[in-house]
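Each chain is listed here by its residues.
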Amino acid sequence: MEMARKNVEKGKDQLFKRLGESAGITQLIDSLYNIALMDARIKDFLTEHKDRIKAAQTIYIVEMLGGPKSYKGKELPEIHKTLNINDYHFDAFMADFARALMGGGHPEALIDEVLVSLEPVRADVLGRSRDVGAASVMKNGQTLLERFGGDQNLETVVESMYDKCTEDT
């Protein structure tokens, strides 16, 4: 992920091009929605106004990943303030995004760059300040993510916990 952060700092326009520009990102969002609408953790947030949400998200994500600045919608905090979305839901969305990228045959380094580029919207979606995130809080010289052993380990823990929770219901 550190390499991804450094690559993103060099410029998102290259990321936009490597994803196939607007057409490639639109195809990626189509794949994402095929996955997310089957994901019990987040599908309820997307189904009611699916086409409108998907269209706005596509424009927003194209812009976030270095494409043309054409998003004219509401600000993210305003859109999400009544939805009660939390970190669990945001992480599920990001995991589905990673699956869509993998399904498109994108290399792991590019997937990491995309996820690093999208992570900053977490604060806006969850209605938080962008000042300090939990991932950047240090304890014994390590971030929370480092203490978990990296993002793959964290994802495994979350998936395992989710599976156990759904077994009990």
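Treat the numbers as computed from the prediction; the structure is a model and nothing was measured.

Asks: Got a minute to help me understand the packing of aromatic side chains in this structure?
Replies: Any aromatic ring pair is given by two values, namely how distant the centres are and how the planes are angled relative to each other. Under the defined criterion, the tally for this structure stands at 3 aromatic pairs. Positioned above the aromatic ring of Y162, the side-chain terminus of R41 is 5.5 Å from the ring centre.

Asks: Got a minute to help me understand the nonpolar core in this structure?
Replies: A general tendency of soluble globular proteins is for nonpolar side chains to be buried together. Ranked by size, the top nonpolar core spans 35 residues in total, and within it L19, I25, L65, F97, V114 and L118 carry the most contacts. Put simply, the parts of the chain that give this core at least two residues each are α2 (12-18), α3 (21-36), α5 (50-64), α7 (87-103), α8 (108-118) and α9 (121-126). Element by element, the count of residues in this core is highest for α7, at 8 residues. Non-local contacts of F97, meaning those with residues more than four positions away in its chain, are made with L28, I29, L32, I61, V114, L115 and L118.

Asks: I'm lost on unusual backbone geometry in this one. Help?
Replies: What you tend to see is this: most non-glycine residues have negative phi, and most peptide bonds are trans. The backbone of E21 shows a phi angle near 55°, a positive value even though the residue is not glycine. Judged by relative accessible area, which is 39%, E21 ranks as partly exposed. A positive phi is found at N84, a non-glycine position, where the angle reads about 55°. Looking at the secondary structure, you find N84 in the loop between α6 (76-80) and α7.

Asks: Please clarify how the pattern of salt bridges should be interpreted in this entry.
Replies: Should their charged atoms come close, side chains of opposite charge can pair. A complete count under the given rule lists 14 salt bridges for this structure. Residue R41 is joined to D39 by a salt bridge in which the shortest nitrogen-to-oxygen separation is 2.8 Å. Taken as a pair, R41 and D39 share a single burial class, namely buried. Between R122 and D91 there is a salt bridge, with the nearest N and O atoms lying 2.5 Å from each other. With R122 in helix α9 and D91 in helix α7, this residue pair connects regions lying 31 residues apart in the sequence. On the basis of relative accessible area, D91 is assigned to the partly exposed category, the value being 30%. Salt bridges here are not isolated pairs; linked through shared partners, they connect D39, R41, D96, R99, E155 and E159.

Asks: Where do I start with a nonpolar patch on the surface in this structure?
Replies: A surface patch of nonpolar side chains, about 260 Å² in accessible area, is lined by F148, V157 and M161. With respect to the helices and strands, the residue V157 is situated in helix α11 (residues 151-167).

Conventions adopted
Residue positions are given per chain, counted from 1 along the sequence in the order it is written. At least 70 in pLDDT is required for a residue's local features to be given in this predicted model, at least 80 for side-chain atom pairs to be given and counted, and no such filter applies to totals for whole chains, interfaces and linings, which use all residues. Hydrogens and waters are ignored; side-chain quantities use all the structure's heavy atoms. A pair of Phe, Tyr and Trp rings is counted when the ring centres sit within 6.5 Å of each other, with Trp represented by its six-membered ring. The angle between the planes then sorts it: under 30 degrees is stacked, over 60 is edge-to-face, the rest tilted. Charge-over-ring contacts are defined here by two conditions on Lys NZ or Arg CZ: a distance within 6 Å of the ring centre and an angle within 35 degrees of the ring normal. By convention a nonpolar core is built from buried Ala, Val, Leu, Ile, Met, Phe, Trp, Tyr and Cys residues, the set being connected through side-chain atoms within 4.5 Å. Classification of residues uses two cut-offs on accessible area relative to the type maximum, computed with a 1.4 Å probe and protein chains only: under 20% is buried, over 50% is exposed, and between them is partly exposed. Helix and strand labels come from DSSP, where a helix needs a run of H or I of at least four residues and a strand needs a run of E of at least two; each type is numbered from the N terminus. Two residues form a contact once any of their heavy atoms are found within 4.5 Å. Criterion for a salt bridge: a side-chain nitrogen of Lys or Arg within 4 Å of a carboxyl oxygen of Asp or Glu. Think of a patch as exposed residues, more than 30% relative accessible area, with no salt bridge, where like charges cluster within 9 Å and nonpolar side chains (Val, Leu, Ile, Met, Phe, Trp, Tyr) cluster within 5 Å. Throughout, the Shrake-Rupley method with a 1.4 Å probe supplies accessible areas, and for residues the shown protein chains are the sole cover considered.

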